Amino acid sequence: DKPWDNWYTDEKFAHLYNTVKQYAPRALVGGCEYERHVHGPALQKSVHYWQEHNIHPDFISYQLFPYVMPDVNDISSLKTITESDFFYREVKEMRQEMDTLGLSDTKLFITLFNMTISNRNILNDTCFKGSWIMKNMLDISEIVDMAGYWVASDVYGEAYDSISALFGGSGLITKNGILKPAFHALHFLNTALSSLSAKQSNYAITAGENSNYTVLF
């Protein structure tokens, strides 16, 4: 988080916000890819600054990965969370915190999400990953306004040890352009969520043309 802390200031954000709104008033301006467990106090401080300077961000953005910062005495730098409903709980708390800070009319964007920050995790190449994406995106679809997957291609994690076509990269496609289960999951959701008819914890039903329906179990 050092680059974030070194780059961001409320004054810089205000200057950017006012400049964009002056020349492109319909453009959405927001920020700032917070990590809820790290930047909570920073968001509260920024909201107070924005209120004092008549700034109304169009969205608040977060990154979302299944990790939390450990206690001070913990020797590990990150703690992995395996709870199946972690994303749903986290997003609900993001929305509640925004509402409490007077941002109830502000959009909630997840600009980075994934189940791992590792580009050497074999689960990234499996059908499990596709199911994981569908489950979690359906869980949060009625709370968030946008969610962006991290990352597009396995080329991002390519290095000297990534000789094989599959090496556990986090991308939606392999370094050679093969579409992975994660890609097909997002492709399906982009279509399904625009015509969602019913959703429960273990199924989703979407309506199509000519009275056709798709049922996902």
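Since this is a predicted model, take the numbers as computed values, not measurements.

J.: How would you sum up the nonpolar core? Please name residues and give values.
T.: Core analysis: the biggest nonpolar cluster contains 43 residues, and W50, Y62, V91, F113 and I133 have the highest contact counts within it. Those elements that place two or more of their residues in this core are helix 2 (10-23), strand 1 (30-34), helix 3 (36-52), strand 2 (59-64), helix 4 (86-100), strand 5 (107-113), helix 5 (127-140) and helix 6 (181-192). Top contributing element to this core by residue count: helix 5, with six residues. If sequence neighbours within four positions are ignored, W50 has contacts with Y8, D10, F13, Y34, L43, I55, P57 and I60.

J.: An account of the sheet that holds strand 5 is needed here, citing residue identities and associated values.
T.: Read from one edge of the open sheet, four strands run 1-2-5-6, paired in parallel fashion. Taken across any chain shown, the strands that pair with only one partner, and hence form the sheet edges, are strand 1 and strand 6 (146-149). Averaged over all neighbouring strand pairs, the angle between strand axes comes to 20 degrees, with direction disregarded. Two strands pair when backbone bridges link them, and strand 5 and strand 6 are joined in this way by three bridges, in the parallel orientation. Within strand 6, the position partnered with F109 by the bridge is M146. Docked against the sheet, helix 3 engages strand 1 and strand 2, running at close to 155 degrees with respect to strand 1.

J.: Please set out helix 2 residue by residue, giving values where relevant.
T.: Since the α-helix packs 3.6 residues into each turn, any two residues three or four apart lie on the same face. Taking 1.5 Å per residue, 14 residues should reach 20 Å; helix 2 reaches 20 Å between its end C-alpha atoms and fits that length. Within helix 2, burial applies to D10, F13, A14 and Y17. Down the axis of helix 2, the sector holding all buried residues measures 100 degrees, keeping them to one side. Along helix 2, the residues that are exposed and aim more than 90 degrees away from the buried face are H15, Q22 and Y23. Those residues of helix 2 hidden inside the fold are in contact with strand 1 and helix 3.

J.: Could you give an account of the sheet that holds strand 8 (residues 203-207), naming the residues involved and the relevant values?
T.: Pairing between the strands of a sheet is mediated by backbone hydrogen bonds and can be parallel or antiparallel. Ordered in space as 7-8-9, the three strands form an open sheet in which the pairing is antiparallel. The sheet is open, and its two borders are formed by strand 7 (196-200) and strand 9 (213-216), each paired with just one other strand. Averaged over all neighbouring strand pairs, the angle between strand axes comes to 10 degrees, with direction disregarded. Note that strand 8 and strand 9 share four bridges and pair antiparallel. Of the residues in strand 9, the one forming a bridge with T206 is T214.

What counts and how
- Residues numbered from 1 in each chain as written.
- Predicted model: local features only at pLDDT ≥ 70, side-chain atom pairs only at ≥ 80, totals over all residues.
- Heavy atoms only, no water.
- Core = buried A, V, L, I, M, F, W, Y, C linked by side-chain atoms within 4.5 Å.
- Buried < 20%, exposed > 50% of the residue type's maximum accessible area, 1.4 Å probe, protein only.
- Helix = DSSP H or I, 4+ residues; strand = E, 2+ residues; numbered from the N terminus.
- Contact = heavy atoms within 4.5 Å.
- Pairing = 2+ DSSP bridges.
- Axes fitted to C-alpha atoms, helices over the stretch in contact; angles between N-to-C directions.
- Expected span 1.5 Å × (residues − 1).
- Arc of directions from axis to C-beta.

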